[in-house]
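Single-letter residue listing:
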Amino acid sequence: MKPNRSIPAATVIPVLIYPDVRAAVAWLDAAFGFTERVRIGEDHRAQLAFGDGAVIIGDVRHDRRPPRPGEVTHSTTVRVSDARAHCARARENGARILMEPTDFEYGERQYTAEDPAGHQWTFSETLADVAPEEWGGTSVS
């Protein structure tokens, strides 16, 4: 791929819709540690970075809207180095913790949080390199 400073370098970039883009950017920075890299208009869109990943925050417009209360339309997984510390930070900043940090047989410690707009996020810390066959998965490639 050719580099372009106007778009994140990540290969896959989720776009999440929020009722207030600026408030979402501030909250995602404070609670989850995202960094704003590009602002498009005052409250239209923002590109955020986390490690080598990225997410775009978009405004409510036409048929775009955040999830309704009680509705789960997607979940975004983000890899972190310390899930317990990350969870504490998120909780301190008002994240609703849906699942406390939990160790799984596939070598990950994960927790799930909901942000103020209703988006669900799973944060995952690698504890060990485990072959999928060891826990019931199947390697395909």
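In what follows, the structure referred to is the one given above.
Residues numbered from 1 in each chain as written. Predicted model: local features only at pLDDT ≥ 70, side-chain atom pairs only at ≥ 80, totals over all residues. Heavy atoms only, no water.

Sorry, what's going on with the overall build of the protein chain here?
Looking only at helices and strands, one finds two helices and eight strands in the protein chain. Going residue by residue from the N terminus, the α and β elements of the protein chain occur as β-α-β-β-β-β-α-β-β-β. Expected size for 141 residues packed as a compact globule is a radius of gyration near 14 Å; at 16 Å, the protein chain falls within 12% of this value. The buried share of the protein chain, taken over its 141 residues, is 39%. When the accessible area of the protein chain is evaluated, it comes to approximately 8,500 Å², of which 51% is carbon and sulfur surface. A gap of 8 Å separates the mean positions of the 16 positive and 21 negative side-chain charges of the protein chain. (Helix = DSSP H or I, 4+ residues; strand = E, 2+ residues; numbered from the N terminus. Rg over C-alpha atoms; globule rule 2.2 N^0.38 Å. Buried < 20%, exposed > 50% of the residue type's maximum accessible area, 1.4 Å probe, protein only. Areas by Shrake-Rupley, 256 points an atom, 1.4 Å probe, with all protein chains shown as cover. Lys, Arg positive; Asp, Glu negative; His and termini not counted. Charge placed at Lys NZ, Arg CZ, Asp CG, Glu CD.)

Looking at this structure, how should I read the sheet that holds strand β5 (residues 75-79)?
Within a sheet, neighbouring strands are paired by backbone hydrogen bonds and run either parallel or antiparallel to one another. The mixed open sheet is built from four strands, whose spatial order is β5-β8-β7-β6. The sheet terminates laterally at β5 and β6 (96-103), the two strands that pair on one side only. For this sheet, the mean angle separating the axes of adjacent strands, direction not counted, is 15°. Where strand β7 (residues 108-114) meets strand β8 (residues 120-126), seven bridges bridge the pair, whose relative direction is antiparallel. Within β8, the position partnered with A113 by the bridge is W121. The sheet strands contacting helix α2 (residues 83-92) are β6, β7 and β8, and the helix crosses β6 at an angle near 170°. (Pairing = 2+ DSSP bridges. Axes fitted to C-alpha atoms, helices over the stretch in contact; angles between N-to-C directions. Contact = heavy atoms within 4.5 Å.)

Is there a simple way to explain the nonpolar core in this structure?
Grouped burial of nonpolar side chains is what soluble globular proteins tend to show. By size, the foremost hydrophobic cluster in this structure holds 27 residues, and its most contacted members are Y18, L28, F32, F34, I57, Y111 and W121. Sorting the residues of this core by element identifies β1 (15-18), α1 (21-32), β3 (45-50), β4 (53-59), α2, β7 and β8 as the ones contributing at least two each. Top element by residues in this core is α1. It accounts for seven residues. (Core = buried A, V, L, I, M, F, W, Y, C linked by side-chain atoms within 4.5 Å.)

Before we go on, may I ask you to explain the sheet that holds β1 in this structure?
The four strands lie next to each other as β1-β4-β3-β2, forming an open sheet whose pairing is mixed. Looking at which strands have only one partner, the edges of the open sheet turn out to be β1 and β2 (35-40). Shown here is a sheet whose adjacent strand axes are inclined to one another by a mean of 25°, direction ignored. Sheet topology places β2 next to β3; five bridges connect them, and they run antiparallel.

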